[in-house]
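Geometric and topological summary
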Amino acid sequence: MSVSALAAAPSVCAPLPVLGRDVTVPLVTGGEVAYAALDYAASAPALQRVWDDVAAYAPYYGSVHRGAGYLSQLSTDLFENARRTVAEFLDCREGDQVVFTRSTTDSLNLLAAALPADCRVFVFETEHHASLLPWRGAQVTYLDAPRSPGEAVETLERALADRDPHGPALVCVTGASNVTGELWPVRELTAAAHAQGARIVLDAAQLAPHHEVSVADLDVDWVAFSGHKLYAPFGSGVLAGRADWLRAAEPYLAGGGASRKVGRREDGGVDVEWHDSAARHEAGSPNVIGAYALASACKALTEAGFDTLVAREQYLVRAVRDGLADVPEVRFLSLFGDSAPRVGVLSFVVEGWNSSHFAAALSAEYGIGVRDGLFCAHPLLRTLLGSDPQAQGECGAPEAAPGEKSLNAIRVSFGAGTPDEHVERFVRAVKELVANGAQWTYRTEDGRCVPDTSA
């Protein structure tokens, strides 16, 4: 699909209103342009609906679970209703717990702290660092990057069958890659895990904003995701799923809210009875506004309808891939192949360009915000780029001058709030940069490529 064809084709549906859609940014070449936010995979802009809900509640903010006053009671009801909204959004099973956290990373670290003794963890090298790194107290088996969904299932089946002893085990897997956007065979991986007596946690940070996630249908044991990728502001996240390991574990944080009873002993010590509910792992004053914002986003996406949202997003994915199909210098990165189902996340490299230089030019000369680097998924990027997956790298761009080859990539990502014009501008900008080069000069500063304004 060419840029002109994209401009002429009718959009599947209108984008959802988001904050920042009218923000303008300066260009180094002169003038200003509306900012094209194409880094949704890092943090999606907040939905206007969510921001309005938060603004309406803000004057009524009060202490949660700790006050007899009207505003405290109102805030407590709102906080617990938010928990129920999230449970409905995830189609949780009866008995599942919804624990509010700070992020997906926080959620998975919480689960890691709740693992039973001698639990083995199995995780593919393709995971985001939030899924790859929290399991420091457990024996971890890292699985090689599969090249097809079927290979992923077979790899997991072999690893679980070969474990010795055949004790408790946890599998951690992404629902959609934050690098390639590809959908993983979650249902099949879950069946493979359960057949071997293992449990599974789904990292839905990139899946939940784009596709319906049903804990009951997928049969996963836990799911983790972040509010800031789900069009909600503030630091909020969720760990939802089975309660038994969470109830048996020591509280993630010790303090008020997690404890039901605290008393002094005659020997001078302290006896504590911890809650069995989600409060066990929510010590301290909770982020009630963050939880409310996250729940508001859940409602907004549900009401918009994921079928409609997915159709529009796939329209934009095709527009990017088809629009750049005749640019041989652009190589999209993929594990499962170009035709694999994916969400609105695409990573690529451009022949002859340092990725940081290319991303800097997109921003400075076209007002387009994308991500460059290794996307906190270093082993996966190393594999996709043909280098040693065990090599270490930095999350930012390496020290490579403009025009030099770098072992990093460029990621464009979008979602429910992306206007067609932003994708049109991106496709046009990539073609112009490849054909004509950058209009400005750039230099490396603190590991990043930036416009040189010294001249």
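Below or above, wherever it landed, is the structure these notes cover. Nothing here was measured: the structure is a model prediction, and the numbers come from that model.

Rules and cut-offs
- Residues numbered from 1 in each chain as written.
- Predicted model: local features only at pLDDT ≥ 70, side-chain atom pairs only at ≥ 80, totals over all residues.
- Heavy atoms only, no water.
- Helix = DSSP H or I, 4+ residues; strand = E, 2+ residues; numbered from the N terminus.
- Buried < 20%, exposed > 50% of the residue type's maximum accessible area, 1.4 Å probe, protein only.
- Phe/Tyr/Trp six-rings, centres within 6.5 Å; stacked < 30°, edge-to-face > 60°.
- Core = buried A, V, L, I, M, F, W, Y, C linked by side-chain atoms within 4.5 Å.
- Contact = heavy atoms within 4.5 Å.

1. Quick look at unusual backbone geometry
When glycine is set aside, most residues are seen to have a negative phi, and most peptide bonds are trans. Between D164 and P165 the backbone carries a cis peptide bond, its omega angle lying at 5°. By the secondary structure assignment, P165 is in the loop between helix 6 (149-161) and strand 7 (169-174). At D91, a position not held by glycine, the phi torsion is positive, near 55°. According to the relative accessible area criterion, D91 is partly exposed, its value standing at 37%. The phi dihedral of D219 falls on the positive side, at around 70°, and the residue is not glycine.

2. Describing the environment of V288
Looking at the element boundaries, V288 is found in helix 10 (residues 288-304). Under the relative-accessibility criterion, V288 is labelled buried at 1%. In sequence terms V288 and S75 are 213 residues apart; their C-alpha atoms lie 7.3 Å from each other.

3. Re the packing of aromatic side chains
Counting across every chain of the model gives 13 aromatic pairs. When the centroid spacing of 6.3 Å and the interplanar angle of 10° are considered together, the rings of W51 and F234 count as stacked. Of this pair, W51 sits in helix 2 (residues 48-57) while F234 sits in the loop between strand 9 (222-226) and strand 10 (237-241); the two residues are 183 residues apart in sequence, bridging distant segments of the chain. Residue classification places W51 among the partly exposed positions, given a relative accessible area of 38%. Accessibility expressed as a relative area gives 37% for F234, which makes it partly exposed. Each ring, one from F89 and one from F225, has its centre 6.4 Å from the other, and the planes form 50°; the classification is tilted.

4. Quick notes on the nonpolar core
Membership of the largest hydrophobic core comes to 82 residues, with the highest contact counts inside it found for V86, L90, L156, L189, L202, F225 and V238. If you tally residues by element for this core, the top one is helix 10, at ten residues. Other than its neighbours up to four places away in sequence, V238 contacts V86, L90, V98, V99, F100, T101, S107, V223, A224, F225 and L294. Residues L362, I410, L433 and Y442 belong to the second largest nonpolar core, which totals 36 residues.

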